[in-house]
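A structural walkthrough
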Amino acid sequence: MDGKEKLTRINELAKKKKEIGLTQEEQREQKVLREEYLEEFRSGMRHHIEGMKVVDLEGNDVTPDKLKKIQKEKGLHNRK
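Okay, so let's go over this structure. In this text, all values refer to a predicted model and were calculated from it rather than measured experimentally. (Residues numbered from 1 in each chain as written. Predicted model: local features only at pLDDT ≥ 70, side-chain atom pairs only at ≥ 80, totals over all residues. Heavy atoms only, no water.)

Some remarks on the pattern of salt bridges
As enumerated under the stated definition, the model contains seven salt bridges in all. Residue R28 pairs with E25 through a salt bridge whose shortest N-O separation is 3.0 Å. One end of the pair, R28, and the other, E25, are both in helix 2 (residues 24–50), three residues apart, so they sit about a helical turn from each other. Among the charged side chains, a salt-bridge network with shared partners connects K6, E36 and E40. (Salt bridge = Lys/Arg side-chain N within 4 Å of Asp/Glu carboxyl O. Helix = DSSP H or I, 4+ residues; strand = E, 2+ residues; numbered from the N terminus.)

As structure tokens, this is what we get:
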């Protein structure tokens, strides 16, 4: 199940929970789907942030050292 399908199913279960309630199995499914979706979201966000380069108005690289270290370890932005 891809991210879009998971989100659709999560929303279906949330709507059903409000309207008539969920069975124990549906509650477990909802919990698992939410955890998987959040992990995928966090992973994508982490990947996005780790690829960023922060530049001030004068064009100077002001990327935080912690982020530069992560980028160096992953081989990102090797150019100076």
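Having seen the structure, we can now continue with the description.
A short note on the environment of G75
You can see G75 is positioned in the segment after helix 3 (65–74). Residue class for G75 comes out partly exposed when judged on its relative accessible area of 40%. Taking the C-alpha atoms as reference points, G75 and H47, separated by 28 residues in sequence, lie 13 Å from one another. (Buried < 20%, exposed > 50% of the residue type's maximum accessible area, 1.4 Å probe, protein only.)

A short note on the environment of L13
Mapped onto the fold, L13 is located in helix 1 (residues 3–19). Each C-alpha atom of the pair L13 and E29 lies 8.8 Å from the other, and the pair is 16 residues apart in sequence.

A short note on helix 1
With 17 residues, helix 1 should cover 24 Å at 1.5 Å per step; its first-to-last C-alpha distance of 24 Å lies within 8% of that length. For helix 1, every residue scored as buried is listed here: K6, I10 and L13. Here the buried residues of helix 1 occupy an arc of 65 degrees about the axis, which is enough to place them on one side. Projecting away from the buried face of helix 1 at angles above 90 degrees are the exposed residues K4, K15, K18 and E19. Tucked inside the fold, the buried residues of helix 1 contact helix 2. By the N-cap criterion, in which a side-chain oxygen at the helix start approaches the backbone nitrogen of a residue two or three places on, helix 1 is capped by D2, the distance to K4 being 3.2 Å. (Expected span 1.5 Å × (residues − 1). Arc of directions from axis to C-beta. Contact = heavy atoms within 4.5 Å. Polar contact = N/O pair within 3.5 Å; in protein donor to acceptor, adjacent residues only side chain to side chain.)

Structural notes on the packing of helix 1 against helix 2
The N-to-C vectors of helix 1 and helix 2 enclose an angle of 140 degrees; their axes lie 10 Å apart at closest approach. Taken as axis vectors, helix 1 and helix 2 run oblique relative to one another. Crossing of helix 1 over helix 2 shows left-handed handedness. The residues of helix 2 that touch helix 1, namely those facing G3, K6, L7, R9, I10, L13, A14, K16 and K17, are E26, E29, Q30, L33, R34, E36, Y37 and E40. (Axes fitted to C-alpha atoms, helices over the stretch in contact; angles between N-to-C directions. Parallel < 35°, antiparallel > 145°, perpendicular 65-115°, else oblique. Left-handed = near helix turned anticlockwise from the far one by under 90°.)

Digging into the environment of L22
Its place among the elements puts L22 in the loop between helix 1 and helix 2. With sequence-adjacent residues up to four places away left out, L22 is seen in contact with L13, K16, K17, Q27 and Q30.

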